[in-house]
Protein chains: 2
Amino acid sequence: MYIVVVYDVGVERVNRVKKFLRQHLNWVQNSVFEGEVTLSEYERIKTGLRELINEDHDAIIIYKLRSMPPRETLGVEKNPIEDII
Amino acid sequence: MYIVVVYDVGVERVNRVKKFLRQHLNWVQNSVFEGEVTLSEYERIKTGLRELINEDHDAIIIYKLRSMPPRETLGVEKNPIEDII
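First, a word on scope: everything that follows refers to the structure included in this document. Since the structure is predicted, the reported quantities are computational estimates derived from the model, not experimental observations.

The rules behind each value
- Residues numbered from 1 in each chain as written.
- Chains lettered and ligands numbered in written order.
- Predicted model: local features only at pLDDT ≥ 70, side-chain atom pairs only at ≥ 80, totals over all residues.
- Heavy atoms only, no water.
- Pairing = 2+ DSSP bridges.
- Helix = DSSP H or I, 4+ residues; strand = E, 2+ residues; numbered from the N terminus.
- Axes fitted to C-alpha atoms, helices over the stretch in contact; angles between N-to-C directions.
- Contact = heavy atoms within 4.5 Å.
- Buried area = accessible area lost by both parts, 1.4 Å probe.
- Salt bridge = Lys/Arg side-chain N within 4 Å of Asp/Glu carboxyl O.
- Polar contact = N/O pair within 3.5 Å; in protein donor to acceptor, adjacent residues only side chain to side chain.

Moving on to the sheet that holds strand β2 (residues 26-29) of chain A. Strand order in the open sheet formed by 5 strands is β2(A)-β3(A)-β1(A)-β4(A)-β5(B), with antiparallel pairing between adjacent strands. Looking at which strands have only one partner, the edges of the open sheet turn out to be β2 of chain A together with β5 (71-75) of chain B. The mean angle between the axes of side-by-side strands here comes to 25°, regardless of whether they run parallel or antiparallel. Alignment of strand β4 (residues 59-65) of chain A against β5 of chain B, held across 5 bridges, turns out to be antiparallel. Note on β5 of chain B: the bridge partner recorded for Ile 62 of chain A is Glu 72 of chain B. On top of the sheet, helix α1 (residues 14-22) of chain A reaches β1 (2-8) and β3 (32-36) of chain A; it is set at about 170° to β1 of chain A, its chief contact.

Here we come to the interface of chain A and chain B. With 34 residues of chain A in contact, the opposing surface of chain B contributes 34 residues. Overall, the association of chain A and chain B removes approximately 2,900 Å² of surface from exposure, summing both partners, and the carbon and sulfur fraction of that is 56%. Summed over the three residues of chain A that lose the most area to chain B, namely Tyr 63, Glu 72 and Leu 74 of chain A, the buried surface amounts to 25% of that side. Counting the contacts that link chain A with chain B gives 4 salt bridges. Lys 46 of chain A is the salt-bridge partner of Glu 72 of chain B, the closest N and O atoms lying 3.2 Å from each other. Across the contact surface, chain A and chain B share 16 residue pairs in polar contact (both at pLDDT 80 or more). Within the residue set of the side of chain A that touches chain B, elements represented by two or more residues are β1, β2, β3, α2 (39-52), β4 and β5 (71-75) of chain A.

Here it is as structure tokens:
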């Protein structure tokens, strides 16, 4: 499974969330990580994130895709896709 | 085609970008819009965004999908998917 994670978390938690996601996924842009994961990795990521965020305040969307989706980049490509593959 | 747009633009341009995207797509979370578009709408969105951003500084990724992707939300659901459909 391929996931794209977009997060909107309070500034006091953002560094821990970023650090955690960096261990599992590829950083693509401010507040966006993505990568291929197994089902158990996916569950581990969700559990880890739930422990780090304030569920009454922060918001995270995890898009679940079959494979790396085609995309178009406008402006600066912060982490070129070639580096992800 | 269904697109998910994530943007990271300078604070001085963010309101114009948000206002523009709101005319074409559904807001789902801070810095994230999505929606079903025709090919010509998609081209219009790209052209419009290119006019609004500073291409040497801002970054926008447009994920191109076949249909609305499954997703999981952690924490607050800022704009529940039922409102989008």
